[in-house]
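Secondary and tertiary structure notes
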Amino acid sequence: MTDTRGGRGGGSRRTTRPRATELAPDLVVLGRYRLVDRVADTGGTSLWRGIDDRLRRPVAIRFMALDGELVDELRVSAARASHVTDRRAVAVLDIDSDLVTEKLVIVTEWLAGTALGDLLASRGGEAMPARQSALITLEVARFLAAAAEEGVPHGRIRPNCVIVTDTGEVRVRGLGVDDVLYGVDPGEDPAAADVHGAGAILYSCMTGRWPGTEDVDGLAPVPSVERGRVPWPSRVVVDVPRELDEVVARSLLSTQQPKGKLRYSAPSEVVAGLQAYLNPQAAPIARRGHEPWRPWLRAGTVLLFTGAAVGLAALGVSLLTGLGSPPVNAARTAGPTGQPSVSPTPTVSGTPVPEGTTVIPIVSVKDFDPYGDTREENPQLARLAVDGDPATAWTTVRYRQPDLSGKPGVGLLLDLGAPRPVRAVDLRLVGSGTDLSLRATDDPSKPPEDFRSMAEVTGASNALTLRVPTPVTTRYVLIWLTAIPSNNSSYQGGVAEVRVLG
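The structure contained in this document is the topic of the report that follows. Computed from a predicted structure; not experimentally measured.

1. A short note on the overall build of the protein
- When its secondary structure is counted, the protein shows 9 helices and 21 strands.
- Within the protein, the fraction of its 502 residues that count as buried is 52%.
- Look at the contacts in the protein between residues 6 or more apart in sequence, and 70% of them connect residues 24 or more apart.

2. Some thoughts on the side chain of Arg-250
- Note that Arg-250 resides in helix α6 (residues 242-251).
- In this structure Arg-250 touches Pro-258, Lys-261, Leu-262, Arg-263 and Tyr-264, once residues within four positions along its chain are discounted.

3. Description of the sheet that holds strand β7 (residues 92-98)
- Spatially, β3-β4-β5-β6-β8-β7 is the arrangement adopted by the 6 strands of the open sheet, whose pairing is antiparallel. The open sheet has two edge strands, β3 (28-29) and β7, and neither has a second partner.

4. Examining the pattern of salt bridges
- With the rule as written, the count across this model stands at 22 salt bridges.
- Across the pair Arg-32 and Asp-52 runs a salt bridge whose closest N-O atoms are separated by 2.7 Å. With Arg-32 in the loop between β3 and β4 (33-42) and Asp-52 in strand β5 (residues 45-52), this pair connects stretches of sequence that are 20 residues apart.
- The class of Arg-32 is buried, set by a relative accessible area of 10%.
- Here Glu-377 ties to Lys-407 by a salt bridge, and the two come within 3.3 Å at their closest N and O atoms. Of this pair, Glu-377 sits in the loop between β13 (364-368) and β14 (394-395) while Lys-407 sits in the loop between β14 and β15 (410-429), placing them 30 residues apart in sequence.
- On the accessibility criterion, Glu-377 (2% relative accessible area) is buried.
- Here Lys-407 falls in the buried class, since its relative accessible area comes to 13%.

5. Observations regarding the sheet that holds strand β11 (residues 170-172)
- Pairing within the open sheet is antiparallel, and its 3 strands lie in the order β9-β10-β11. Of all strands in the sheet, those with a lone pairing partner are β9 (113-115) and β11, marking the two edges. Mean inter-strand twist for the sheet, computed between neighbouring axes without regard to direction, equals 30°.
- In this sheet, β11 lies alongside strand β10 (residues 162-165) in antiparallel orientation, the contact comprising 3 bridges. Across the sheet, residue Val-162 finds its bridge partner in β11, namely Val-172.
- Of the strands in this sheet, β10 and β11 touch helix α3 (residues 130-149), which is tilted by about 40° from β11.

Parameters and conventions
Residues numbered from 1 in each chain as written. Predicted model: local features only at pLDDT ≥ 70, side-chain atom pairs only at ≥ 80, totals over all residues. Heavy atoms only, no water. Helix = DSSP H or I, 4+ residues; strand = E, 2+ residues; numbered from the N terminus. Buried < 20%, exposed > 50% of the residue type's maximum accessible area, 1.4 Å probe, protein only. Contact = heavy atoms within 4.5 Å. Pairing = 2+ DSSP bridges. Salt bridge = Lys/Arg side-chain N within 4 Å of Asp/Glu carboxyl O. Axes fitted to C-alpha atoms, helices over the stretch in contact; angles between N-to-C directions.

Below is the structure:
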């Protein structure tokens, strides 16, 4: 194609490249993602609902022109955010340039659910119960803590960054995207903004108001600001627990902090404050990563969010997409890393401890990868398999084939502290379709082929109990994965929770 438009002098002819294809329904980008309908135009980007033609699943697709001022920063930030592995993140599936449309393309999960701002707005200003508010905020704070561990703060938490899915999960979108498109807020320090953001979510849930001077995501601002300071939640609504009032006051940059106490400096401190309120008797254990209240949370969130979904459906609220740039891993994990600790005694498989058996404490847990190039497989995540929270997990790296691309196996090594008779092991796995064996040894330096086999399973579901026909006395138990489930275009497995019975 030629361009016959001249300059001011006119008359010159020059060859130009073809015009970029306009975005429209049914257009396929990156060779596989078919556009369905435009959702929004914001922050110099266009957001579409689409279909992954290869895997036949809905996706969210965000576009920015390749000559856009922020395109390079957005690409780099989204790539950094993809290193965060947390179950609460909205997973990024693809980041690439599409030369047909001349746009940067970021593809993420399409979530069926409701944004928290819409959920709160639908209540007509009525506050959520304190405990439900704390539970939602705890999930957000855990996500922010996990992102902080990877050095990737969010920087701009708002109610509509938080999605409550139709299955009752709390998910966070916008990591690696929102701060680039809209800027860090408040202030210029993304880490401090995340602590503030967690406090703002708690404030919004407990009061039905946004802790500022302007409407945000459908929430009205607080009724008054005292000398530039946002009033504590207890001065806006009644019956706010003192502990949660303090969590807010130590989180928000715009409040008066409690006398004699410092502001929180990291999201992990917000997590600890919320856990202390939710389960004060277990607070010392919770600080080590144990959350024995988690089964209540699962029941509570299902009841809360099911009821909310019914109410919102009557208001005509439709599906919401999640866009951010968290993990390329669909298996997500959470929480700051640290040393393994003694396992609590949750009912991992959903059943109580069988009569005549006891839960054997797990003294420590570590990844076991004798055939890997580095002899490590996400060692920082190993403790998440024994933290009492099925929503967090140790995961393998991604593989091209379900047989670990030819590697004999990989797994977790549990130390029981001393030889103990093992009768069964309860497991929560990441995904369905794992092949694994349960092996025992008193000498973990030996190759896994020399370990004693206790039980094996092929194509396991994500929750199972492996029973040992005859109790085996051993100090070390190896959960040895030999085939792992599909995860988008690759394969990845893992262990979300484990309980050893004697």
